[in-house]
Amino acid sequence: MIHLDDVTLTFPDGESRITAVDHVSLTAHPGTVTGITGPSGSGKSSLLAVAATLIRPDAGRVMIDDVDTATMDSGAATDLRRTKIGIVFQQSNLIASLTSQEQLAVMNELGAPNSRRHRAAASARAATLLDAVGMGDQADKRPHQLSGGQRQRVNIARALMNDPSVLLVDEPTSALDQERGASIIELILQLTSELNTSTLLVTHDLVHLPRMHGAVNMVDGRLTSDLPAAV
Ligand SMILES: Nc1ncnc2c1ncn2[C@@H]1O[C@H](COP(=O)(O)OP(=O)(O)OP(=O)(O)O)[C@@H](O)[C@H]1O
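All figures in this text were calculated on a predicted structure; none of them were measured in a lab.

A. Examining the overall build of the protein more closely. Looking only at helices and strands, one finds six helices and ten strands in the protein. Compactness check: the protein gives a C-alpha radius of gyration of 18 Å against a globular reference of 17 Å for 231 residues, within 12% of the reference. Across its three principal axes, the protein shows a C-alpha extent of roughly 50 × 40 × 35 Å. For the protein, the proportion of its 231 residues judged to be buried stands at 47%. For the protein, the share of sequence-separated contacts (at least 6 apart) that also reach a separation of at least 24 residues comes to 72%. For the protein, the computed accessible surface area is about 10900 Å², with 50% contributed by carbon and sulfur atoms. For the protein, the centre of its 19 positive side-chain charges and the centre of its 26 negative side-chain charges are spaced 8 Å apart.

Laid out in structure tokens, this is it:
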């Protein structure tokens, strides 16, 4: 579970500060996807960065599985990010020289204790996840050999390598056409249910929101449950 409790985040803006996230409270439960929409500049990515514990808020708390992340030192926060949080960014950020299989397996090597001992298990999990995202037969391909939708599937599988309880997804369909975008959303819904993640998904694309378990609209850093009229 992830719970944002009365979170406020400001950035310096010349002499004053700009409020990117303004007293936001939001909870996502295991096995559910909550959509976050809103106009450009309304604070969606900032909210996701706070949820990912990448930025510490000015005020409020981020609870991950009932642990208050504000009380952690930076080592513990890094550990929590690695083990509990999966992040899918807008661009796939895959490493050009690695195959799909290696993109996932390398997650086992990043700062994890005893990573050598866990190599075989990591390799098996990578294969299972590539199958789960429909990329089992593309395991040996490098990013330039894949379509945008296929790259995004590898990206999603990679975010799930460490079996996170929280999955944070920022605009996963922005580089894709409608049909491929819809299948990526379906995949995230399916994996959220199968792996029981608490998923927050930022999207501009209102057509996807009715498929989700809940949706909020962000306007000027604040949340409203009144969704834009097109939904
Ligand atoms: N690092 C930063 N420094 C200063 N201001 C920032 C920073 N990041 C975001 N902002 C400001 O915070 C506000 C919210 O930005 P944010 O990127 O979170 O919005 P968004 O809803 O994700 O926008 P988009 O849909 O265009 O990605 C904006 O006014 C933006 O200019």
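Read on, since the account is not over.
B. A look at the pattern of salt bridges. Enumeration over the complete set of coordinates arrives at eight salt bridges. Put simply, Lys84 and Asp65 hold a salt bridge, and the shortest N to O gap is 3.0 Å. Highlighted residues: Lys84 in helix H2 (residues 74-84) and Asp65 in the loop between strand S4 (59-64) and strand S5 (67-68), separated in sequence by 19 residues. The exposure class assigned to Asp65 is partly exposed, which follows from its relative accessible area of 27%. Arg125 is the partner of Asp163 in a salt bridge, and the nearest nitrogen-oxygen pair spans 4.0 Å.

C. Looking closely at the side chain of Arg153. Tracing the chain through its elements places Arg153 in helix H5 (residues 148-159). Although Arg153 is buried, it makes no salt bridge; Glu179 carries the closest opposite charge, 9.5 Å away. Setting aside chain neighbours within four positions, we find Arg153 in contact with Val133, Met135, Ser183, Ile184 and Leu187.

D. View of helix H1 (residues 44-51). Burial runs high along H1: seven of the eight residues are buried. Among the residues of H1, those classed as buried are Lys44, Ser46, Leu47, Leu48, Ala49, Val50 and Ala51. Immediately downstream of H1, the backbone of Thr53 shows phi near 60°, a positive value.

E. A look at the nonpolar core. Of all hydrophobic cores here, the largest spans 31 residues; its most connected members are Leu104, Leu130, Val154, Ile156, Ile188 and Leu201. Of all the secondary structure elements, the ones that give two or more residues to this core are helix H4 (119-132), H5, strand S7 (166-170) and helix H6 (178-195). Top element by residues in this core is H6. It accounts for six residues. Sequence-distant contacts of Ile188, that is, excluding residues within four places in its chain, are made with Val33, Ile156, Val169, Pro172, Thr199 and Leu201. Counting 26 residues, the second largest nonpolar core, distinct from the first, contains Ile2, Val7, Leu9 and Leu80.

F. The arrangement of the sheet that holds strand S2 (residues 16-28) in detail. Here we have four strands laid out as an open sheet, ordered S2-S1-S4-S5, and antiparallel in their pairing. In this open sheet, the two edge strands, each paired with only one partner strand, are S2 and S5. Sheet analysis places S4 next to S5, joined by two bridges and oriented antiparallel. Following the sheet pairing, Met63 is matched in S5 by Asp68.

About the criteria used
Residues numbered from 1 in each chain as written. Predicted model: local features only at pLDDT ≥ 70, side-chain atom pairs only at ≥ 80, totals over all residues. Heavy atoms only, no water. Helix = DSSP H or I, 4+ residues; strand = E, 2+ residues; numbered from the N terminus. Rg over C-alpha atoms; globule rule 2.2 N^0.38 Å. Buried < 20%, exposed > 50% of the residue type's maximum accessible area, 1.4 Å probe, protein only. Contact = heavy atoms within 4.5 Å. Areas by Shrake-Rupley, 256 points an atom, 1.4 Å probe, with all protein chains shown as cover. Lys, Arg positive; Asp, Glu negative; His and termini not counted. Charge placed at Lys NZ, Arg CZ, Asp CG, Glu CD. Salt bridge = Lys/Arg side-chain N within 4 Å of Asp/Glu carboxyl O. Core = buried A, V, L, I, M, F, W, Y, C linked by side-chain atoms within 4.5 Å. Pairing = 2+ DSSP bridges.

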